Amino acid sequence: MRHDAVGAHRHLRAAAQRPDSLRQRADSLRQRSDSALRMAPIVVTATRSEQVHLTESPAAASSDTVTPADRAEGRVTVDLLRSATGVHVQQTSAGQGAIVLRGLVGNQVLYLVDGIPLNNGTYRDGPGQYLATIDPESVDRFEIIRGPASVLYGSDAQGGAVNVVTRPHPTGLWWSLGAGVEGTSAHMGGRLRLSTGYGTAALRLGIGATLQEAGDLRAGGGIAPQAPTGFAGRGADARLDWAPGGRHRVTLAAQHFAMSGMPRYDRYVEFRAPAPGPDARYEFDPQTRQLAYARHSWSAGTPLLRVLTTTLSLAVQREGLPRHRLPNGAPEPVTTYTRDAVFTPGLTAIAESPIAGARPATRARRGPSAPSDPPARPARAHSPPTRRDA
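All of these numbers come straight from a predicted model, not from anything done at the bench. The written sequence of each chain sets the order in which its residues are numbered from 1. Predicted model: local features are reported for residues with pLDDT of at least 70 only, side-chain atom pairs are reported and counted for 80 or more only, and whole-chain, interface and lining totals are derived from all residues. No hydrogens and no water enter the side-chain calculation; it runs on all heavy atoms of the structure.

Undergrad: Mind laying out the sheet that holds strand 1 (residues 60-65), listing which residues take part and the relevant values?
TA: To summarise the sheet geometry, strands pair through backbone hydrogen bonds and adopt either a parallel or an antiparallel arrangement. Taken in spatial order, the five strands of this open sheet run 1-6-7-4-5, and their pairing is mixed. Of all strands in the sheet, those with a lone pairing partner are strand 1 and strand 5 (116-117), marking the two edges. Of the pairings in the sheet, the one linking strand 4 (residues 109-113) to strand 7 (residues 160-166) comprises five bridges and is parallel in character. By the bridge assignment, L110 is partnered in strand 7 with A161. When DSSP finds two or more bridges between two strands, those strands count as paired. Counting from the N terminus, the helices are DSSP H or I runs at least four residues long and the strands are E runs at least two residues long.

Here it is in C-alpha cells:
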C-alpha cells in the first residue's frame, strides 16, 4: 500500500511539472467540449415560455435570423420571409405583402411584434398589406408557428403565427453608434439606418431612425420600368431596458413606421391581367403603424411561480386611401379619399410555474447518465432570446 501511494504521489507531482499536465489536459478537453456544445434554439412564440427546447415543442415551429444580406435584398418586411420553411408569400404590389400558413391568410394568421399582436378587428379574411408596416431594418428574427396556435393566441392564429422580434440597438460601455446604407439599381432606391445606444451593467437605452426611398422596379435590358411600384418609408424607434435587481426587468419601447405612395397596381387602368383595372389612382397614403409598450418581468423563483410577466401596450394603425376611378359609362371620373385610424390597447399577464421533471432550456447536462441533447444546426448564431408574450 505504501509503495502504491508513494508511486501515485510521484506520478501526480511529475504530471503537474510537465507542460501537458493532467490538469491542463482536462482544461483543454473542457474548453473544447464547451465550444462544441450548442444548445437547441428556443422559440418563445411556440410555447410562450423559454423553458422548452425547439425540438421539444409540440408545434411545428422555427426561428429564422435576418442577416444583412437578407435586408439588402428586401424592400419590405414580407420579403425577408421568402426563404422561410413552410411560408408562402403573397404580394399584390411591391410595397405590400401577406403570409400564407397552412393555406390560410389574412385575419387567420396572427402577426406579432415583440410578442404584441399586430392584428386588429379591421383585418379582412384576404391578403392584407399590414406586415409591410414593420420597418425591415428593425427586424432581428422571425419566430414562426406553422399550424393552429389558437389555444395560445386565439382565433386569429388558426393558420399559425409570426412573431417579429426586433433587434437591439448598438450598446456597449457608454455610448455606441451604428450606421448602415443599402442601395440597389433594381429600383434606383435605397435605405439608410442610423442607431445609437447607451449601456451600463443595469441600463440600456437605444434610439434608431430609418429613411427609405424605393423607385419603380426595373427589369433592365431596355424594358420600361414597372410603374407604379415605388414608395417611401420613414421610421423611428426607441427602447429602454432596466434591470434594477436580479429579479426584476423593465422594458419601455416605442416604434413608428410610416409609408407613403404605396400603389396597388392591379387596380390601375393600365393593368392587363386578367383585365384592365377601374382606377387611375389607387394608393395607400399614408400607411402608418405605431406601437408603445411597457413590460415588467419578475423572477419569483418560488415552487409555485417561476416568472410573472406583465405587458401594457397601445398599437395605432392609420390608413389613407385616395382613389381616382373611371367607372364604365360615367360622364366624369370619381375621386374619393378614405382615412381611418384604429387604436388597440392591450394588457397581458403571463405566469410561469415550474413543471416537475421538466428540463430547463438554458442548462446543458453532461455526464454519462444524462441523455444526449439533440444536435443543433451549426448555422447562424441566435441572440439570447427574451420572453415574448401576446
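Undergrad: Pulling in residues and values, what's your account of unusual backbone geometry?
TA: With an omega dihedral of 0°, the bond running from D285 to P286 counts as a cis peptide bond. Within the fold, P286 resides in the loop between strand 14 (279-284) and strand 15 (287-299). Positioned with a positive phi, R102 is a non-glycine residue whose angle comes to about 55°. Mapped onto the elements of the fold, R102 is located in the loop between strand 3 (98-100) and strand 4. Here's how the labels work: a residue is buried when its accessible area is under 20% of the maximum for its type, exposed when over 50%, partly exposed in between, all with a 1.4 Å probe on protein chains only. Given the relative accessible area of 51%, R102 is considered exposed.

Undergrad: Any details on the pattern of salt bridges? Residues and values, ideally.
TA: Salt-bridge detection follows one rule: a side-chain nitrogen of Lys or Arg within 4 Å of a carboxyl oxygen of Asp or Glu. Counted according to the given criterion, the structure contains 11 salt bridges. A salt bridge links R141 to D140, with the shortest nitrogen-to-oxygen separation between them at 3.5 Å. Each member of the pair, R141 together with D140, is buried. Of the charged contacts in the structure, one is a salt bridge between R193 and D237, with a shortest N-O distance of 2.9 Å. Linking R193 in strand 9 (residues 189-199) with D237 in strand 11 (residues 231-242), this pair joins segments that are 44 residues apart in sequence. You'll find R193 and D237 in the same group, each marked buried. A single salt-bridge network, built from bridges that share partners, covers D135, R193 and D237.

Undergrad: An account of the nonpolar core is needed here, citing residue identities and associated values.
TA: Among buried residues, those of type Ala, Val, Leu, Ile, Met, Phe, Trp, Tyr and Cys that are joined through side-chain atoms within 4.5 Å constitute a nonpolar core. Core analysis: the biggest nonpolar cluster contains 42 residues, and L81, I99, Y111, F142, I144 and V162 have the highest contact counts within it. Those elements that place two or more of their residues in this core are strand 3, strand 4, strand 6 (139-146), strand 7, strand 12 (248-260), strand 14, strand 15 and strand 16 (307-325). Residue contacts for L81: discarding those within four places in its chain leaves V87, V89, I99, L131, F142, I144 and V162. Contact between two residues is taken to exist if any of their heavy atoms lie within 4.5 Å; hydrogens are not considered.

Undergrad: An account of the side chain of T166 is needed here, citing residue identities and associated values.
TA: Mapped onto the fold, T166 is located in strand 7. On the basis of relative accessibility, which here comes to 13%, the residue T166 falls in the buried class. Polar contact is defined as a pair of N or O atoms within 3.5 Å, subject to the rule that within protein one atom must be able to donate a hydrogen and the other to accept it, and that residues adjacent in sequence are counted only when both atoms are side-chain atoms. At 2.9 Å, the side chain of T166 forms a polar contact with the side chain of D114. When neighbours within four sequence positions are excluded, T166 is seen to be in contact with V113, D114, S138, D140, R239 and Q255.

Undergrad: Residues and numbers for the packing of aromatic side chains, please.
TA: Between rings of Phe, Tyr and Trp, where Trp is taken as its six-membered ring, a pair exists when centres lie within 6.5 Å; planes separated by under 30 degrees are stacked, by over 60 edge-to-face, and by other angles tilted. Summed over the entire model, instances satisfying the criterion amount to two aromatic pairs. With a centroid separation of 4.3 Å and 15° between ring planes, the pair formed by Y123 and Y130 is classed as stacked. A relative accessible area of 7% places Y123 in the buried class. Between Y282 and F284, the aromatic rings sit 6.2 Å apart at their centres with planes inclined by 80°, giving edge-to-face as the arrangement.

Undergrad: Kindly report on the environment of A300, identifying the contributing residues and their values.
TA: Along the chain, the position of A300 falls in the loop between strand 15 and strand 16. Along the sequence, A300 and E352 sit 52 residues apart, while their C-alpha atoms lie 9.7 Å from each other.

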